[in-house]
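In case you want the letters, here they are:
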Amino acid sequence: ILKYLKSSINIGLEFTAKENNGNFQITAFSDANWGTDLYGRRSIYGFIIYLNGNPISWTSKKQSFVAQSTCESEYVGMREAVREIRWCTQLMEELKFPIDQNHIPVLYCDNQSSISIASNTRMDNRIKSIDIKYHYIKDEAAKKNIMIKHISSKNNIADLFTKPLGNVRFIFLRTMMLNYNMQFEEY
């Protein structure tokens, strides 16, 4: 850790004002690593939230239960990210910050199955094992309070928070995190 800190002394977060007609936009990335805890087999989820391209909230946390699939693990991580997005949005509304009404907050995730579950308002037998409290995300997606989009694992910044990474991958994702661009789809 000390070696890394010494070598990265000139790296830090830089917050910039990005012109967006005076409005604010929220974008987030979510990821989970299924069952990597060797003792309890619990998953680790992580997310990062950007406000006009500036990172404002991030976390990495072990889930409180054993997920039964990668999809369930990712879905729970997405739910936690959506809760934080809603909290940030409500705080901005309370503080009277102008929110871009043409931009629904976007959550990027690299798991197609969990995106499908979150976007589908219908319930089926395949997802009965997922606790009801985690379906909050379905409600938020149905109300159009959040838009969930797929992103390739290669470009998912939240990978930084969920698993050990090799040096090259870590530096690539760290660079993306610090130099996030509102036109992320171009990556």
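The rules behind each value
- Residues numbered from 1 in each chain as written.
- Predicted model: local features only at pLDDT ≥ 70, side-chain atom pairs only at ≥ 80, totals over all residues.
- Heavy atoms only, no water.
- Helix = DSSP H or I, 4+ residues; strand = E, 2+ residues; numbered from the N terminus.
- Buried < 20%, exposed > 50% of the residue type's maximum accessible area, 1.4 Å probe, protein only.
- Contact = heavy atoms within 4.5 Å.
- Areas by Shrake-Rupley, 256 points an atom, 1.4 Å probe, with all protein chains shown as cover.
- Axes fitted to C-alpha atoms, helices over the stretch in contact; angles between N-to-C directions.
- Parallel < 35°, antiparallel > 145°, perpendicular 65-115°, else oblique.
- Left-handed = near helix turned anticlockwise from the far one by under 90°.
- Nonpolar A, V, L, I, M, F, W, Y, C, P; charged D, E, K, R; others polar.
- Salt bridge = Lys/Arg side-chain N within 4 Å of Asp/Glu carboxyl O.
- Arc of directions from axis to C-beta.
- Polar contact = N/O pair within 3.5 Å; in protein donor to acceptor, adjacent residues only side chain to side chain.

### Looking at the overall build of the protein chain
Reasoning step 1: A count of helical and extended segments in the protein chain gives five helices and five strands.
Reasoning step 2: Helices and strands appear in the protein chain in the N-to-C order α-β-β-β-α-β-α-α-β-α.
Reasoning step 3: Per-residue burial for the protein chain yields a buried fraction of 45% across its 187 residues.
Reasoning step 4: Nonlocal contacts in the protein chain, meaning residues at least 24 apart in sequence, comprise 67% of its contacts between residues at least 6 apart.
Reasoning step 5: Surface exposure of the protein chain reaches about 10900 Å², of which carbon and sulfur atoms provide 53%.

### Things to note about the packing of helix H2 (residues 70–94) against helix H3 (residues 112–119)
Reasoning step 1: Between H2 and H3, whose axes approach to 8 Å, the crossing angle comes to 55°. Classified by the interaxial angle, the pair formed by H2 and H3 is oblique. In this structure, H2 crosses over H3, and the sense of that crossing is right-handed. Facing H2, whose interface residues are Cys71, Glu74, Tyr75 and Met78, H3 presents Ser113, Ser114, Ile115, Ile117 and Ala118.
Reasoning step 2: Partitioning the contact of H2 with H3 into residue classes produces six nonpolar, two polar and one charged.

### Description of the pattern of salt bridges
Pairs can form between side chains of opposite charge whenever their charged atoms are close.
Reasoning step 1: In this structure the tally under the stated criterion is six salt bridges.
Reasoning step 2: The salt bridge involving Lys163 is made with Asp159; its shortest N-O contact spans 2.4 Å.
Reasoning step 3: Residue classification places Lys163 among the partly exposed positions, given a relative accessible area of 25%.
Reasoning step 4: Under the relative-accessibility criterion, Asp159 is labelled buried at 6%.
Reasoning step 5: Between Asp159 and Arg169 there is a salt bridge, with its nearest N and O atoms 2.7 Å apart. Placement of Asp159 in the loop between strand E5 (147–150) and helix H5 (167–178) and of Arg169 in helix H5 is noted, with a sequence separation of ten residues between them.
Reasoning step 6: A single salt-bridge network, built from bridges that share partners, covers Asp31, Asp159, Lys163 and Arg169.

### Observations concerning H3
Reasoning step 1: Among the residues making up H3, those that are buried are Ser114, Ile115, Ile117 and Ala118. The buried residues of H3 occupy an angular sector of 160° when projected down its axis, which confines them to one face.
Reasoning step 2: Tucked into the core, H3 has its buried residues touching H2, strand E4 (106–109), helix H4 (136–142) and E5.
Reasoning step 3: The N-cap residue of H3 is Asn111: its side-chain oxygen and the backbone nitrogen of Ser113 are 3.2 Å apart.

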